Amino acid sequence: MTAKSLIDSLQVLADKQKATFLQRFFKTGKGQYAEGDVFLGIKVPETRQVAKAYRGMALTEVKKVLKSPFHEVRLCGLMILTEQFQKANKADRKTIVDFYLSNTQYINNWDLVDLSCYKILGNYLLDQPRDILYRLAKSKNMWEQRIAIVTTWAFIRNREFNDTLSISEILIDHSHDLIHKAVGWMLRELAKRDEFLMLQFIEKHYDIMSRTTLRYAIERMPEEQRKDILRGIFE
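If you're wondering where the values come from, they're calculated on a predicted model, not measured in any experiment.

A. Region of the structure containing helix α11 (residues 162-171). Among the residues of α11, those classed as buried are Asp-163, Thr-164, Leu-165, Ile-167, Ser-168 and Leu-171. Summarising the contacts, the buried residues of α11 are in contact with α8 (131-137), α9 (142-151), α10 (153-157), α12 (177-191) and α13 (195-205).

So this is what it looks like as structure tokens:
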């Protein structure tokens, strides 16, 4: 199970027309958030099938996969890591988490973050200190900041909300739309369990949070209530 054979397996599935579409969709042009990212044009289910075939790959080979310039190859590597983490014992889980955190420079698009961080880092941190998330939230790397907030989805599912709220506060006035969306998404997930707590947070930060964050957070609420909140009415 080598990185080369995995990459060869993926390249057989490449579709130039789909690759062109994906490079536009994921904003890979000059000055855009994923500038320079390169796509093969492979459907996610096909990438997942390859990942399952290579789920026993050694981390030394996974490292080579993550360093690939091709988006779907890196995606496949992260899928392998999530598969390995789910089946690992406690010691091996720590090894996988340490490996994940030492390779965040390759987790450099929103789908790569969202697919992996809460499944690996989030589930690991359920019974561990969470200082690393606050360091990531204060990073100068936007993808590490997105890892910090989306990782808390694992905690939300466990009805633990404090870290989501605290990291949302750190990122609340961020300049990038992809962080606005991630914070709003996690607030919306929190609201499914405790809507009142989410509304308290929004009311407190209403004047500084982006409209994107606000709209994402209240997306599932009744229309009239959404309209009131957008106008700053919380009664």
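After presenting the structure, the write-up continues.
B. A look at the packing of α11 against α12. One can describe the packing of α11 onto α12 by two numbers: an axis separation of 10 Å at closest approach and a directional angle of 155°. Comparing the axis directions of α11 and α12 gives the class roughly antiparallel. Crossing handedness for the pair α11 and α12: left-handed. Judged by residue contacts, Thr-164, Leu-165, Ser-168 and Leu-171 of α11 engage Ile-179, Val-183, Met-186, Leu-187 and Leu-190 from α12. For the contact of α11 with α12, the residue count by class is 7 nonpolar, 2 polar and no charged.

C. Geometry of the packing of aromatic side chains. Summed over all chains, the structure comprises 9 aromatic pairs. Ring centres of Trp-153 and Trp-185 lie 5.1 Å apart, and the angle between their planes is 65°; on these two criteria the pair is classed as edge-to-face. Remark: Trp-185 occurs in helix α12 and Trp-153 occurs in helix α10; sequence separation between them is 32 residues. Look at Trp-185 and you get buried, because its relative accessible area is 15%. Counting every residue linked through ring pairs, the aromatic cluster contains Phe-21, Phe-25, Phe-26, Phe-39 and Trp-110. In this structure, Arg-130 is placed above the aromatic ring of Phe-155, and the distance from its NZ or CZ to the ring centre is 3.8 Å.

D. Spatial organisation of the environment of Glu-83. Along the chain, Glu-83 falls in helix α5 (residues 71-87). Using a relative accessible area of 14% as the deciding quantity, one classes Glu-83 as buried. When the C-alpha positions of Glu-83 and Thr-60 are compared, they lie 16 Å apart, and in sequence the two are 23 residues distant. Ignoring sequence-local partners within four residues, the contact set of Glu-83 consists of Lys-52 and Arg-55.

Calculation notes
- Residues numbered from 1 in each chain as written.
- Predicted model: local features only at pLDDT ≥ 70, side-chain atom pairs only at ≥ 80, totals over all residues.
- Heavy atoms only, no water.
- Buried < 20%, exposed > 50% of the residue type's maximum accessible area, 1.4 Å probe, protein only.
- Helix = DSSP H or I, 4+ residues; strand = E, 2+ residues; numbered from the N terminus.
- Contact = heavy atoms within 4.5 Å.
- Axes fitted to C-alpha atoms, helices over the stretch in contact; angles between N-to-C directions.
- Parallel < 35°, antiparallel > 145°, perpendicular 65-115°, else oblique.
- Left-handed = near helix turned anticlockwise from the far one by under 90°.
- Nonpolar A, V, L, I, M, F, W, Y, C, P; charged D, E, K, R; others polar.
- Phe/Tyr/Trp six-rings, centres within 6.5 Å; stacked < 30°, edge-to-face > 60°.
- Lys NZ or Arg CZ within 6 Å of the ring centre and 35° of its normal.

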